[in-house]
Amino acid sequence: MAASLSEGVPETEDRKRPQFGNRFLSDPARVFHHNAWDNVKWSEEQAAAAERKVQENSSQLVCPEKQADYEVNAHKYWDDFYKVHENGFFKDRHWLFTEFPELAPSHDHLVNLHLEKQKNEVSKPRSSEDGPGLAAEQHKRPCTSHGCETRVPPVEEPVTQKLTHLEICADDFPGSSATYRILEVGCGVGNTVFPILQTNNNPDLFVYCCDFSATAIELVKTNSEYDPSRCFAFVHDLCDEDQSYPMPKDSLDVIVLIFVLSAIVPDKMQKAISKLSRLLKPGGVMLLRDYGRYDMAQLRFKKDELDTLFTAAGLEKVQNVVDRRLQVNRGKQLTMYRVWIQCKYSKPLVPSASQHVPTPHTT
Ligand SMILES: C[S@@+](CC[C@H](N)C(=O)[O-])C[C@H]1O[C@@H](n2cnc3c(N)ncnc32)[C@H](O)[C@@H]1O
């Protein structure tokens, strides 16, 4: 039987994977007809139950010694995890290109950014709680990643703008000859990076990826798809204030954070994001997808917390949406409520006078 209109999943223009936020459950009796439903409304009882669960979990804290051990030795715990699971745990993030067209080939992200901002000026910010989901809105966009009539004013080539102040030499860093540079932080074994390299055949693309687990980075580098002429993988702890990134500031088009920020301690997040923000070119974007508040009844990110983090790092909101999904195991007739948060924040073309992002000597 054909699905009803409200269950219809619009396909993207290139008829690939549909974006999140497009399949709505209007008739509860149909819950087991699909694997997942978007923008699921939570009842008050359900929200209260999640809150109670969080309180319950928080009432039994691990002892301070163990907390310190988890923080100081976090990279070792992740190393152990990857020694056991190798490439087998996380799935390739193939939804990346529908949710984040900035990662797809021939994407002119400055054009898209300009249009998304124009749209935000005339409509209130989207969220799955206040109207149609993010993807439904995006399908109405007049522009595709492959071309658009509206152009933003030309900007001075940003990479060459401020190189005199850099410690990293402008033409002597990995990927220096590329014109489109993407960095993934907390890349694990490459479930985001390899799909990008496979899908994005732009000859001017260079992809950096880092993780604080040396085992994970070793697995990336020994992957048969790792090509050092297109990619540079390195061990890096994003919470380590003294460690430099191997590229100059104002040099990256896109920074990707997929399920990584939630893995670090909250009081280190701001410095980590501000440091990353400095690496972005003006007009560059930071993309995040992570666990939202009450996902699996745990206390994770709220929309406003992430907004504060990114705006304090001098970035401007393009998107900040909560994706409440109902995942269904049709075989076992089980339902599972998940909450994700997805953000896009861009670096202003002209630095805002009200934002002061301190500039350290190294990036
Ligand atoms: C949930 S996994 C996600 C991996 C990958 N982004 C993906 O989507 O498959 C989180 C990753 O973040 C890394 N990570 C956690 N804290 C980190 C830190 N402080 N610096 C760098 N990487 C970190 C972990 O080693 C792990 O590989």
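Parameters and conventions
- Residues numbered from 1 in each chain as written.
- Predicted model: local features only at pLDDT ≥ 70, side-chain atom pairs only at ≥ 80, totals over all residues.
- Heavy atoms only, no water.
- Helix = DSSP H or I, 4+ residues; strand = E, 2+ residues; numbered from the N terminus.
- Buried < 20%, exposed > 50% of the residue type's maximum accessible area, 1.4 Å probe, protein only.
- Contact = heavy atoms within 4.5 Å.
- Areas by Shrake-Rupley, 256 points an atom, 1.4 Å probe, with all protein chains shown as cover.
- Near = heavy atom within 4 Å.
- Polar contact = N/O pair within 3.5 Å; in protein donor to acceptor, adjacent residues only side chain to side chain.
- Nonpolar A, V, L, I, M, F, W, Y, C, P; charged D, E, K, R; others polar.
- Axes fitted to C-alpha atoms, helices over the stretch in contact; angles between N-to-C directions.
- Parallel < 35°, antiparallel > 145°, perpendicular 65-115°, else oblique.
- pLDDT = per-residue confidence, 0-100.
- Salt bridge = Lys/Arg side-chain N within 4 Å of Asp/Glu carboxyl O.

### Considerations on the overall build of the protein chain
No. 1: Each helix and strand counted, the protein chain has 10 helices and eight strands in total.
No. 2: Here the protein chain holds 363 residues, and the buried ones make up 47% of them.
No. 3: Of the contacts formed within the protein chain by residues at least 6 apart in sequence, a portion of 76% connects residues at least 24 apart.
No. 4: Here the protein chain displays about 18300 Å² of accessible surface, and carbon together with sulfur accounts for 53% of that area.

### Points about the site of the ligand
No. 1: Inspection of the region around the ligand gives 21 residues, with Tyr82, Gly186, Asp211, Asp237 and Ile258 positioned closest.
No. 2: In this structure, a nitrogen atom belonging to the ligand sits 2.7 Å away from a main-chain N or O atom of Gly186.
No. 3: Burial of the ligand by the protein chains amounts to 98% of its free accessible area of 590 Å².
No. 4: Here the residues of the shell around the ligand sort into 12 nonpolar, five polar and four charged.

### Some words on the packing of helix 3 (residues 74-85) against helix 8 (residues 214-221)
No. 1: Look at helix 3 against helix 8: their axes get within 7 Å of each other, and the N-to-C directions meet at 40°. With respect to helix 8, the axis of helix 3 lies oblique. From helix 3, Asp79, Tyr82 and Lys83 reach across to helix 8, where they touch Ala214, Thr215, Ala216 and Leu219.
No. 2: The class makeup of the residues in the contact of helix 3 with helix 8 is four nonpolar, one polar and two charged.

### Quick notes on the confidence of the model for the protein chain
No. 1: Here the protein chain averages 75 in pLDDT, while 70% of its residues score no lower than 70.
No. 2: Within the model, the stretch residues 121-166 combines pLDDT values under 50 with 89 contacts to residues more than four positions away or in other chains.
No. 3: Counted against residues more than four places away or in other chains, residues 357-363, with its pLDDT under 50, gives 19 contacts.

### Some remarks on the environment of Tyr345
No. 1: The residue Tyr345 is located in strand 8 (residues 334-346) in this model.
No. 2: For Tyr345, a relative accessible area of 0% corresponds to the buried category.
No. 3: Placed 289 residues apart in sequence, Tyr345 and Glu56 show a C-alpha to C-alpha distance of 34 Å.
No. 4: Among all residues touching Tyr345, those that are not within four sequence positions of it are Gly284, Val285, Met286, Asp307, Phe310, Thr311, Leu315, Glu316, Lys317, Val318, Gln319 and Asn320.
No. 5: A polar side-chain atom of Tyr345 sits 2.3 Å from a polar atom in the side chain of Asp307.

### Examining the pattern of salt bridges
No. 1: Using the criterion set out here, one finds six salt bridges in the structure.
No. 2: The shortest N-O distance in the salt bridge between Lys268 and Glu71 comes to 3.0 Å. Residue Lys268 is located in helix 9 (residues 266-279), and its partner Glu71 is located in helix 2 (residues 64-72); the two are separated by 197 residues in the primary sequence.
No. 3: The residue Lys281 makes a salt bridge to Asp253 at a minimum N-O spacing of 2.9 Å. Linking Lys281 in strand 6 (residues 280-291) with Asp253 in strand 5 (residues 252-258), this pair joins segments that are 28 residues apart in sequence.
No. 4: In this structure Lys281 comes out as buried when scored by relative accessible area, which is 6%.
No. 5: The exposure class of Asp253 is buried, given its relative accessible area of 4%.

### Quick word on the side chain of Lys347
No. 1: With respect to the helices, strands and loops of the structure, Lys347 is situated in the segment after strand 8.
No. 2: Within polar-contact distance, the side chain of Lys347 engages the backbone oxygen of Arg278 at 3.4 Å.
No. 3: Polar contacts involving the side chain of Lys347 include one to the main-chain carbonyl oxygen of Leu280, which spans 2.7 Å.

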